[in-house]
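Observations on the three-dimensional arrangement
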Amino acid sequence: MLATYPILYSFRRCPYAMRARLALMVSNRVCELREVVLRDKPPEMLEVSAKGTVPILIDVDGRVLDQSIDIMLWALRQHDPEKWLMPQQGSVTEMLELIAVFDDRFKYHLDRYKYPDRYADVDAQVHRYEGSLFLEKLNAKLSATKYLFGNNVALADMAIAPFVRQFAHTDRVWFNEQPWPQLQAWLAGFTESEIYSSVMQKYPKWESGNAGVIFPSS
């Protein structure tokens, strides 16, 4: 028997899961959201993806997507009412290249800045500086246009903003003092948006045998 809706394993504060929910929300791809606690991962989730990280989406045909960008593209290729895959400037390929830089190199420094106790012999301030070099480049890009690829929001903005938010919240006073007015305005626009508020609703931990939450809710 086929599932009624795709299943999404998610964790509210995870930036990868956040970006997946953003794409599902804007495309109105309804799914059964299962909120997990990462220290107590449900066996059903680990059975479909051994790496055990969120988000994981299982479509109604049983196909498993366990990369957040793949989930975003899956949703937006079905329905893209705000044209996130049609940037005013550049191309999807260029957006994916920028996203990959942040997922790889920026995320490396972000983790060591935010969670230095998890790593041996890490100087958080060094990684804050290294991460800030990426943010300076974003600020310069945003000095020319309102968003990263033109004056309309697109995939790159919504895929990268959750990670910039995490970096900013590590030391908000320091972040606000930096000479990045365009980046700060761009991030504020994201965190104050209706779609951000919608995807950051709190849900109870999903328990095996229970139904998940219908997301987005009507």
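Residues numbered from 1 in each chain as written. Predicted model: local features only at pLDDT ≥ 70, side-chain atom pairs only at ≥ 80, totals over all residues. Heavy atoms only, no water.

A look at the layout of surface pockets
The calculated volume of the largest pocket comes to roughly 670 Å³. Lining the largest pocket are 27 residues, with Cys14, Pro15, Tyr16, Leu38 and Lys107 positioned closest to its centre. Of the voids in this model, the second largest pocket is the one considered here, and its volume is about 220 Å³. Looking at the second largest pocket, it is lined by 14 residues, and the ones nearest its centre are Tyr147, Ala185, Trp186, Gly189 and Phe190. Contributing elements (two or more residues each) for the lining of the second largest pocket: helix H6 (155–170) and helix H8 (181–191). (1 Å grid on protein atoms, 1.4 Å probe; cavity = no way out; pocket = protein on both sides within 12 Å on 5 of 7 lines; lining within 4 Å. Points joined across faces, edges and corners; volume = space filled by probe spheres on them. Helix = DSSP H or I, 4+ residues; strand = E, 2+ residues; numbered from the N terminus.)

Section: the UniProt feature "domain: GST C-terminal" (unreviewed entry) in the chain
Under the feature "domain: GST C-terminal" (unreviewed entry), the UniProt entry names residues 80–208. Each end of residues 80–208 is marked by a C-alpha atom, and these two atoms are 33 Å apart; helix forms 63% of the span and strand 0%. (UniProt positions renumbered as here; feature names shortened; annotations may be inferred.)

As for the pattern of salt bridges
Enumeration according to the criterion identifies 6 salt bridges in this entry. Of the charged contacts, one joins Lys107 and Asp111 as a salt bridge, the two residues approaching to 2.8 Å between their closest N and O atoms. With Lys107 and Asp111 both in helix H4 (residues 92–114), this residue pair falls 4 residues apart, about one helical turn. Accessibility classification places Lys107 together with Asp111 in one group, the buried group. (Salt bridge = Lys/Arg side-chain N within 4 Å of Asp/Glu carboxyl O. Buried < 20%, exposed > 50% of the residue type's maximum accessible area, 1.4 Å probe, protein only.)

Quick notes on the packing of helix H3 (residues 68–78) against H6
Contact geometry for H3 and H6: axes closest at 12 Å, N-to-C directions at 145°. The handedness of the crossing between H3 and H6 is right-handed. On the side of H3, the interface is formed by Ile69, Met72, Leu73 and Leu76, while H6 contributes Leu155, Met158 and Ala159. (Axes fitted to C-alpha atoms, helices over the stretch in contact; angles between N-to-C directions. Left-handed = near helix turned anticlockwise from the far one by under 90°. Contact = heavy atoms within 4.5 Å.)

Concerning the packing of H4 against helix H5 (residues 124–142)
Their axes nearest at 7 Å, the elements H4 and H5 cross at an angle of 150°. In terms of orientation, H4 and H5 fall into the roughly antiparallel class. Handedness of the H4/H5 crossing: left-handed. Between H4 and H5, the residues in contact are Leu98, Val101, Phe102, Arg105, Phe106, Tyr108, His109, Arg112 and Tyr113 and Ala124, His127, Arg128, Glu130, Gly131, Phe134, Leu135, Leu138 and Lys141, respectively. Tallied by class, residues from the contact of H4 with H5 come to 10 nonpolar, 3 polar and 5 charged. (Parallel < 35°, antiparallel > 145°, perpendicular 65-115°, else oblique. Nonpolar A, V, L, I, M, F, W, Y, C, P; charged D, E, K, R; others polar.)

Observations concerning the packing of aromatic side chains
Counted by the stated rule, this structure contains 11 aromatic pairs. With a centroid separation of 6.0 Å and an interplanar angle of 80°, the aromatic rings of Tyr9 and Trp206 are classed as edge-to-face. Within this pair, whereas Tyr9 is found in strand E1 (residues 7–10), its partner Trp206 is found in the loop between helix H9 (194–199) and strand E5 (213–215), the two being separated by 197 residues in sequence. Seen in terms of ring centroids, Phe106 and Phe167 are 5.4 Å apart; in terms of plane orientation they differ by 35°. Their pairing is tilted. Taken together, the residues Phe106 in helix H4 and Phe167 in helix H6 connect sequence positions 61 residues apart. A residue is classified by how much of its surface remains accessible, and Phe106, at 0% relative accessible area, is buried. The class for Phe167 is buried, based on a relative accessible area of 1%. In this structure an aromatic cluster arises from ring pairing among Phe102, Phe106, Tyr113, Phe134, Phe167, Trp174, Phe175 and Trp180. Taking the ring centre of Tyr119 as reference, the NZ or CZ of Arg112 above it sits at 4.1 Å. Lying over the aromatic face of Phe149, Lys141 brings its terminal NZ or CZ to 4.5 Å of the ring centre. (Phe/Tyr/Trp six-rings, centres within 6.5 Å; stacked < 30°, edge-to-face > 60°. Lys NZ or Arg CZ within 6 Å of the ring centre and 35° of its normal.)

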